[in-house]
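Spelled out from the first residue to the last, the chains are:
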Amino acid sequence: MKRRVVITGMGVISPVGSTVADAWNRVVEGRSGVRTIDTYDVSHYPTRFAGLVDGFDVDAYLNPREQRRTDAFVHYGIAASKEAVSNSGLDISTNADRVGVNIGSGIGGIGTIEQNAVILDSTRSIKKISPFFVPSSIINMVSGYVSIQLGARGPNLATVSACATSAHSIGLGARMIMHGDADVMIVGGAEAGSSPMGLAGFCAARAMSMRNDAPEQASRPWDRGRDGFVLADGAAVLVIESEEHAKARGAEIFAELAGFGMSGDAYHVTQPADDGNGAARAMQAALADAGVELSDVDYINAHATSTKVGDAAETQAIKGVFGDQAYKIPVSSTKSVTGHLLGAAGGIESVFSILAIRDGVVPPTINLDEPDEGCDLDYVPNTARETSVDCVLSNSFGFGGTNASLVFRRYT
């Protein structure tokens, strides 16, 4: 019999707040965290806005030397991890060998990479390149720094699967606990992709909204007027542990991580199949792993990024899995408020899923004024809804056709 896995801590750094409480309040209120980029010149970009991290004080987490030696995504990941561990009340020193870390990123330190590329190109001298360039930008350094700073000596790794990264990190961390590799895992994702090169890359792919006159209205999943996703930065981390470990130390348990499912589209590098077959199979696997019936699901936190193809395919996938039941389940996209945090998206959406259970509130999909053709589910438009929530399905899908779904359930 597999061990039950529960959530005991959460941490968030995001465009809507740099604590769990602040971020959740703004999401429930439907107050967008998207704004015009003011950290570099974007006048020549077709998209000039993003979900930038709000109210983050790096000095509270790293000294000046550590800050210089690490990319912003590492800063965010460390901060979110420290909030999550503090929130959990976990004393790592009492069981350090059994506490692991799996915090991934979709892109990693792209800002640091481009800065050093410019230095090398302009000076033609490797002496100008920081000796910390590589360790400051590679993806596993969030897990590395968290392990070192918190003294966690269990499994130390980083999962990378584009925009499904955090969901895979959480699900695989849970399986490490189930199979006895650890008693506690610190899991999630971190991203700082809104650099000049990051923004340029997504603009070149024509994947992003160009609603520059009203950035806060740009992320509009399922809406007929949507024209692309909104890039966002941040991090979100969970502390998950075996039920017996959590109970033995008297921890507050926020929810149970009951199910995890994965699949591959085997279809296209950036687009899902129209029928959402891969997404459907990930959802079915997660529900089967959790042992829940379709009628048990009270809310779906959708991947829905505000793209024409992706939103429609996920809607078809939900209908394919749930049949007529799909029309009875509230489905919302918190990306409408936060923007798309890429490799950190599944982490922050897991936090919102857990809080929906705790507070009995389904967060809204803002900017949904006119649902597009075929987008006919209950998307909780523009206003949060108070209702009993005992079981949530959270979806994350990424480039390369990678899919992950998580099932969170009220702990009893």
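Here, the structure is the one placed above.
Just so it is clear, the model here is predicted, and its values are computed rather than measured. Per chain, residue numbering runs from 1 following the sequence as it is written. Confidence filtering applies because this is a predicted model: local features only for residues at pLDDT of at least 70, side-chain atom pairs given and counted only at 80 or more, and all residues used for totals across whole chains, interfaces and linings. For the side-chain quantities, the full set of heavy atoms in the structure was used; hydrogens and water were omitted.

Engineer: Account for the sheet that holds strand β14 (residues 402–409), with residues named and values stated.
Structural biologist: Two strands are counted as paired when DSSP detects at least two bridges linking them. To qualify as a helix, a DSSP run of H or I must reach at least 4 residues; to qualify as a strand, a run of E must reach at least 2; elements of each kind are numbered from the N terminus. Ordered in space as β5-β4-β6-β7-β1-β8-β14-β13-β9-β10, the 10 strands form an open sheet in which the pairing is mixed. Each edge of the open sheet carries a strand with a single partner, namely β5 (156–157) and β10 (331–332). Between two residues, a contact is recorded if the distance between any of their heavy atoms is within 4.5 Å. Helix axes are fitted to C-alpha atoms over the stretch in contact, other axes to C-alpha atoms as well, and angles between N-to-C directions run from 0 to 180 degrees. Along the sheet, helix α6 (residues 141–150) contacts β4 (99–104), β5 and β6 (184–191); its crossing angle with β4, the most-contacted strand, is approximately 150°. Each of β1 (5–13), β4, β5, β6, β7 (234–242), β8 (255–264), β13 (391–398) and β14 is contacted by helix α7 (residues 165–178), which is oriented at about 170° to β6, the strand it contacts most.

Engineer: Give me the pattern of salt bridges: which residues, what numbers.
Structural biologist: Every case where a carboxyl oxygen of Asp or Glu lies within 4 Å of a side-chain nitrogen of Lys or Arg is listed as a salt bridge. For the coordinates displayed, the defined rule picks out 25 salt bridges. Ionic pairing is found between Asp369 and Arg220, a salt bridge with its closest N-O pair at 2.9 Å. Highlighted residues: Asp369 in the loop between β11 (361–362) and β12 (385–386) and Arg220 in the loop between α8 (196–204) and β7, separated in sequence by 149 residues. For each residue, the accessible area found with a 1.4 Å probe, counting protein chains only, is set against the maximum for its type, and the residue is called buried under 20%, exposed over 50%, and partly exposed in between. Looking at Asp369, the relative accessible area reads 58%, which means it is exposed. If you follow the salt bridges from partner to partner, you end up with Arg224, Arg226, Lys308, Asp311, Glu370 and Asp372 in one network.

Engineer: Describe the side chain of Arg220, listing the residues and the values that go with them.
Structural biologist: Taking relative accessible area as the criterion, Arg220 reaches 4% and is therefore assigned buried. Pairs of N or O atoms within 3.5 Å make up the polar contacts considered here, provided that, within protein, one atom can donate a hydrogen while the other can accept it, and that residues adjacent in sequence are counted only when both atoms are side-chain atoms. In terms of polar contacts, Arg220 uses its side chain to reach the side chain of Asp223, at 3.1 Å. Reaching out from Arg220, the side chain makes a polar contact with the backbone oxygen of Asn367 at a distance of 3.1 Å. Once residues lying within four places of it in the same chain are set aside, the contact partners of Arg220 are Arg211, Gly225, Arg226, Ser306, Ile366, Asn367 and Asp369.

Engineer: Which residues make up the packing of aromatic side chains, and what are the values?
Structural biologist: Any Phe, Tyr or Trp ring, taking Trp's six-membered ring, that has another such ring centre within 6.5 Å forms a pair; planes under 30 degrees apart are called stacked, those over 60 apart edge-to-face, and the others tilted. The final tally for this structure, using the stated rule, is 6 aromatic pairs. With a centroid separation of 6.2 Å and an interplanar angle of 65°, the aromatic rings of Tyr40 and Tyr45 are classed as edge-to-face. Here the two residues Tyr40 and Tyr45 agree in accessibility, since each one is buried. Geometrically, the ring pair formed by Phe56 and Tyr61 is stacked, given 5.7 Å between the ring centres and 15° between the ring planes. A relative accessible area of 24% places Tyr61 in the partly exposed class. The structure contains a cluster of three or more aromatic residues connected by ring pairs, namely Phe56, Tyr61 and Tyr76.

Engineer: Kindly report on the packing of helix α1 (residues 20–29) against helix α13 (residues 345–359), identifying the contributing residues and their values.
Structural biologist: Between α1 and α13, the least distance of the axes is 11 Å, while the angle of their chain directions is 75°. Regarding the angle of α1 to α13, the classification is roughly perpendicular. Touching Val20, Ala23, Trp24 and Val27 of α1 are Val351, Phe352, Leu355, Ala356, Arg358 and Asp359, all from α13. For this classification, under 35 degrees means roughly parallel, over 145 means roughly antiparallel, 65 to 115 means roughly perpendicular, and everything else is oblique.

Engineer: Can you explain the pairing of β1? Please cite residues and give values.
Structural biologist: Most of β1 sits out of view: 9 of its 9 residues are buried. Two strands pair when backbone bridges link them, and β1 and β7 are joined in this way by 8 bridges, in the antiparallel orientation. Bridge pairing in β7 links Gly9 to Val239. Relative to β8, β1 runs antiparallel, the two being bridged by 2 bridges. Residue pairing in the sheet places Val6 in a bridge with Glu256 of β8.

Engineer: Residue-level account of the environment of Gly343, with values.
Structural biologist: Position of Gly343 relative to the elements: it lies in the loop between α12 (335–338) and α13. With relative accessibility at 0%, the residue Gly343 sits in the buried group. C-alpha separation for the pair Gly343 and Thr123, spaced 220 residues apart in sequence, amounts to 33 Å. Discounting chain neighbours no more than four positions away, the residues touching Gly343 are Ser105, Gly106, Ala162, Cys163, Thr165, Ser166, Gly189 and Glu191.

Engineer: Could you give an account of the nonpolar core, naming the residues involved and the relevant values?
Structural biologist: Core analysis: the biggest nonpolar cluster contains 48 residues, and Ile7, Met10, Leu238, Ile240, Leu257, Val351 and Ile354 have the highest contact counts within it. Take this core: its biggest share by element is 8 residues, from α13. In this view, Val351 contacts Met10, Val12, Val20 and Leu238; residues no more than four positions away in its chain are not counted. Formed by 30 residues, the second largest nonpolar core is a distinct cluster that contains Val53, Val85, Val99 and Val142. Buried Ala, Val, Leu, Ile, Met, Phe, Trp, Tyr and Cys residues form a nonpolar core when they are joined through side-chain atoms within 4.5 Å.

Engineer: I'd love a proper account of the side chain of Ser169, names of residues and values included.
Structural biologist: As for its placement among the helices and strands, Ser169 is situated in helix α7. Residues contacting Ser169, with those up to four places away along its chain left out, are Asn102, Gly104, Thr159, Val187 and Gly188.

Engineer: Kindly report on helix α11 (residues 308–322), identifying the contributing residues and their values.
Structural biologist: The periodicity of an α-helix, 3.6 residues per turn, causes residues three or four positions apart to be oriented the same way. Taking 1.5 Å as the rise per residue, α11 with 15 residues should run 21 Å; its terminal C-alpha atoms sit 22 Å apart, in good agreement. When we look at burial in α11, the residues that qualify are Gly310, Asp311, Ala313, Glu314, Thr315, Ala317, Ile318, Lys319, Val321 and Phe322. Those residues of α11 that are buried are in contact with α10 (277–290), β9 (299–301), β10 and β13. Expected span, for any helix, means 1.5 Å times one less than how many residues it has.

Engineer: How would you sum up the layout of surface pockets? Please name residues and give values.
Structural biologist: Here the largest pocket defines a volume of roughly 730 Å³. Lining the largest pocket are 39 residues, with Thr270, Pro272, Thr305, Thr307 and Phe399 positioned closest to its centre. At the level of secondary structure, the elements contributing two or more residues to the lining of the largest pocket comprise α10, α11, β13 and β14. Per-element accounting of the lining of the largest pocket gives the leading share, 5 residues, to α11. Definitions used throughout: a 1 Å grid over protein atoms alone; a cavity as a set of points that fits a 1.4 Å probe which cannot get out; a pocket as an open set with protein on both sides within 12 Å along at least five of seven lines; a lining residue as one with an atom within 4 Å of a point. Grid points are joined across faces, edges and corners, and a volume is the space filled by probe spheres set on the points.

Honestly, that's just the spatial picture; any functional story needs more than this.
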